[in-house]
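# Reading the structure
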Amino acid sequence: MNIHLKDIYIAERLHVSELFIPAGTLTHVIGQNGAGKSTLLHVIAGLLSSESRNAEVTITEIQLRHIAAHRCCLTQHNDSVFGLTVAELFRFYTPFAVAPAQIDEVLAVNQYQSRLIHELSGGQQQRVHIARCMMQVWEAIQQGRGILLFDEPFDALDLAYQIKWLACLHDLQQQGNIIVIAHHQLAWLNECPNDDVLIMQDGQVQAHGEIATIWQPACLTQYFHIPEQHIPLYLHTPFMS
Amino acid sequence: MPVPSIQTAPLFIAIAVIVGLLGINVSLHSQLLSDAVEQHIFINLSLPMLMTALLVGSALAMSSAALQVVLNNPLADPGIIGISSGASLCAGIVIIGGVLPSSSLIWGLPLACFIGALLSSGLIYLLAKRLALTHSAVILAGIAISTVCAAALAWLYIFGDAQATRNLTFWLMGSFQHASYPILAVAGGIILLGIGALSYHRSALNSLYLGEINAQLLGIDPQRLTRVVLVICALLVGVSVSIAGSIAFVGLLVPHILRRIFGSDNRLIIPLSGLVGAALMLVIVNVNQLLNGVDLPISLLTASIGGPIFVWVLFQGQQR
């Protein structure tokens, strides 16, 4: 199971001539605001179609009609004006009434079962929605055939949950699942040298490969326009040459 | 995909209440079995009235429950988003404008109302699409269409003759006594079809709570679902308005209260709204009959009974 994008073009937002994401990878998509990170995720998630004629979004080995059981995507906005409980959210969007033990261990969401979502704190809501997305494709994940896309999932998550959840994702990646996370927590790149990084700028992929080989402080100057003397200490990577 | 089950007890309770209310109504006709006059009254007046009440109550409450979800607005009802005002305007054109000979009113009025409801729904949808198809845009468009329809209706009043305007006024306030069997046969058929169609989509509606994108991620086409549900609701509301006039507040009230008590699962809320809406209308029929001969406008009763209940529910807060 691989993801293969070809000739993707969305005016003023995204232009990707070719992108290949193999099974068993965890990719950090980074870039400035408006660089096209969310748009790329939405294209992979099937939410946006390319405007170009020869565009291809291929996910090998998965039949299109079963795609919703394999591919999930956490988007940035998940509010409801209706007073839904966490249990209802799970029932409406996943095959499970409660989170499987393995997910609950990491995100501790089953304790909120009867609570209304909008009464939870921002971080608690984010955990619930992350759990919801993973539960949607949980069966596929366990077979190592899940595609997990997350748009800024670390927002509002406290560090303890970030650590636990990322460790969990690394386990799932080992089993063959494809994980793509768009985020701004660049410090995480230093912690995960064997993950992939995909750097975006002006709707285009500027660099894509293993963090240990690609990522260095110069990237911050080049792709984020941060002057060298302003790069914070915690982003000086151990992979500096 | 295993589907978590829903509680069914409220559905059976609602059915029991409806049967009970029907029983009470039948028992009001104490000499039903022995007296020929009483039988005639029951068969030709009471029974069509009960059937109208059941059909209209379930149609309005059920379509509102669905509209609230597709428009992502717990306050949506056919009145607020302007579907019923389109139907009312067409009724006005038919009654005051005298477009149709009175002999064809039986078929013409429901048809005109349905076309009116469909036209206004279509306009609302197009207008909302130009306003980027956000849910508040649909509501805004609905308010705009309602205002235009109300203005047009007011012009009709000015130019209509006295008898026709009086007929229209009574018709607009809602009544269950207009319906006869031929109308009911057609309207009932359409409403039952609409109810069936909404019930068919009740599971899919659950995926709209978090917005269109999250529905799409589950493999559902949210725009198509919204379009389909809007058309079904236009159908249900159009037919309801055409056989019973415009009835306020039931649509908003019933699903809103049920969601507060039983949660948001549409697999329960959609059918239960239909049943409770029907039961509520039966209560109103019974109240109306107990008032002996004074045929009060239905909207007056729904607002009088429903309003205080609504306030009470709001004060109760979340009951779960």
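Residues numbered from 1 in each chain as written. Chains lettered and ligands numbered in written order. Predicted model: local features only at pLDDT ≥ 70, side-chain atom pairs only at ≥ 80, totals over all residues.

### Thoughts on the overall build of chain B
Stated formally: Helix numbering and strand numbering both begin at the N terminus, where a helix is a DSSP run of H or I of at least 4 residues and a strand a DSSP run of E of at least 2. Only C-alpha atoms enter the radius of gyration, while the globule expectation follows 2.2 Å times N to the 0.38, with N the number of residues. With C-beta atoms placed from the backbone, a residue is labelled by how many other C-beta atoms lie within 10 Å of its own: buried for 20 or more, exposed for 12 or fewer, partly exposed between the two. Working definition of a contact: two residues with C-beta atoms, positioned from the backbone, lying within 7 Å.
A tally of regular secondary structure across chain B gives 13 helices and zero strands. Its C-alpha radius of gyration of 20 Å places chain B within 12% of the 20 Å reference for a compact globule of 320 residues. In terms of overall dimensions, chain B has a C-alpha envelope of 60 × 50 × 35 Å along the principal axes. Considering chain B as a whole, with its 320 residues, one finds that 46% of them fall into the buried category. A sequence separation of at least 24 residues applies to 80% of the contacts in chain B between residues at least 6 apart.

### Structural notes on the interface of chain B and chain A
Filter applied, for reference: Any residue outside Ala, Val, Leu, Ile, Met, Phe, Trp, Tyr, Cys, Pro, Asp, Glu, Lys and Arg is labelled polar, Gly included; the first ten of those are nonpolar and the last four are charged.
Tallying the contact residues gives 22 residues for chain B and 21 residues for chain A. Its residues placed into classes, the side of chain B that touches chain A shows nine nonpolar, eleven polar and two charged.

### Concerning the nonpolar core
Applicable threshold: To define a nonpolar core, we join buried Ala, Val, Leu, Ile, Met, Phe, Trp, Tyr and Cys residues through C-beta atoms within 7 Å and take the resulting set.
In terms of nonpolar packing, the biggest core is built from 161 residues, with Met134 and Leu149 of chain A together with Ala66, Cys233 and Leu282 of chain B touching the most fellow members. Not counting residues up to four positions away in its chain, the partners in contact with Met134 of chain A are Cys72, Ile103, Ile141 and Leu148 of chain A.

### Looking at the sheet that holds strand 1 (residues 3-10) of chain A
Residues and elements named next belong to chain A. Quick reminder of the rule: Two strands pair under a simple rule: DSSP has to find at least two bridges between them. Axis definition: a line fit to C-alpha positions, over the contact stretch in the case of helices; interaxial angles, taken between N-to-C directions, run 0 to 180 degrees.
The strand order across the open sheet formed by three strands is 2-1-4, and the pairing between neighbours is antiparallel. At either end of the open sheet lies a strand with only one pairing partner, and these are strand 2 (14-21) and strand 4 (56-59). Along the sheet, successive strands turn relative to each other by an average axial angle of 10°, direction set aside. Bridge count between strand 1 and strand 2: seven bridges; the pairing is antiparallel. In the sheet register, Ile8 faces strand 2, and the bridge partner there is Val16.

### Focus: unusual backbone geometry
All names here are of chain A. Positioned with a positive phi, Glu61 is a non-glycine residue whose angle comes to about 70°. Looking at Glu61, the number of C-beta atoms within 10 Å reads 9, which means it is exposed. Positive phi, normally seen in glycine, also occurs at Glu152, with a value near 50°. Among the structural elements, Glu152 can be located in the loop between strand 6 (147-151) and helix 6 (159-174).

### Quick word on helix 1 (residues 9-28) of chain B
Residue and element names in this part refer to chain B. Which entries qualify depends on this criterion: Between the first and last residue of a helix there are one fewer steps than residues, each counted as 1.5 Å, and that sum is the expected span. This arc corresponds to the set of directions leading from the helix axis out to the C-beta atoms.
Taking 1.5 Å per residue as the helical rise, helix 1 with its 20 residues ought to reach 28 Å, and the 29 Å between its terminal C-alpha atoms agrees with that figure. Among all positions in helix 1, only Ala14, Ile18 and Leu21 are buried. Looking down the long axis of helix 1, one finds its buried residues gathered within 65° of arc, a one-sided arrangement. Exposed and facing more than 90 degrees away from the buried side of helix 1 are Ala9, Phe12, Ala16, Val19, Gly20, Gly23 and Ser27. Lining the buried residues of helix 1 we find helix 12 (266-290).

### Some remarks on helix 13 (residues 298-316) of chain B
Residues and elements named next belong to chain B. Here is the rule we go by: We define the bend at each residue as the angle formed by axes fitted to the 7 residues ending at it and the 7 residues starting at it.
Given a rise of 1.5 Å per residue, 19 residues ought to cover 27 Å, and the 27 Å separating the end C-alpha atoms of helix 13 matches this to within 8%. Roughly 30° is the biggest bend found in helix 13, and it falls at Gly306, with proline Pro308 one to four residues downstream. Turning to helix 13, the residues buried within the fold contact helix 10 (222-244), helix 11 (250-262) and helix 12.

### Describing the pairing of strand 1 of chain A
As a general feature of sheets, a regular strand has side chains that alternate between the two faces. Residues and elements named next belong to chain A. Remark: three residues form the turn of the hairpin made by strand 1 and strand 2, two consecutive strands paired antiparallel; Glu12 in that turn has positive phi of roughly 65°. One ladder, built from four bridges, connects strand 1 with strand 4; its direction is antiparallel. Within the sheet, the bridge partner assigned to Leu5 lies in strand 4 and is Val57.

### Side note on the sheet that holds strand 9 (residues 204-210) of chain A
All names here are of chain A. Spatially, the six strands line up as an open sheet ordered 5-6-7-3-8-9, and their pairing is mixed. Each edge of the open sheet carries a strand with a single partner, namely strand 5 (71-74) and strand 9. For this sheet, the mean angle separating the axes of adjacent strands, direction not counted, is 15°. Pairing geometry for strand 3 (residues 26-31) and strand 7 (residues 178-182), over four bridges, is parallel. Bridge assignment links Leu26 to a residue of strand 7, and that residue is Ile179.

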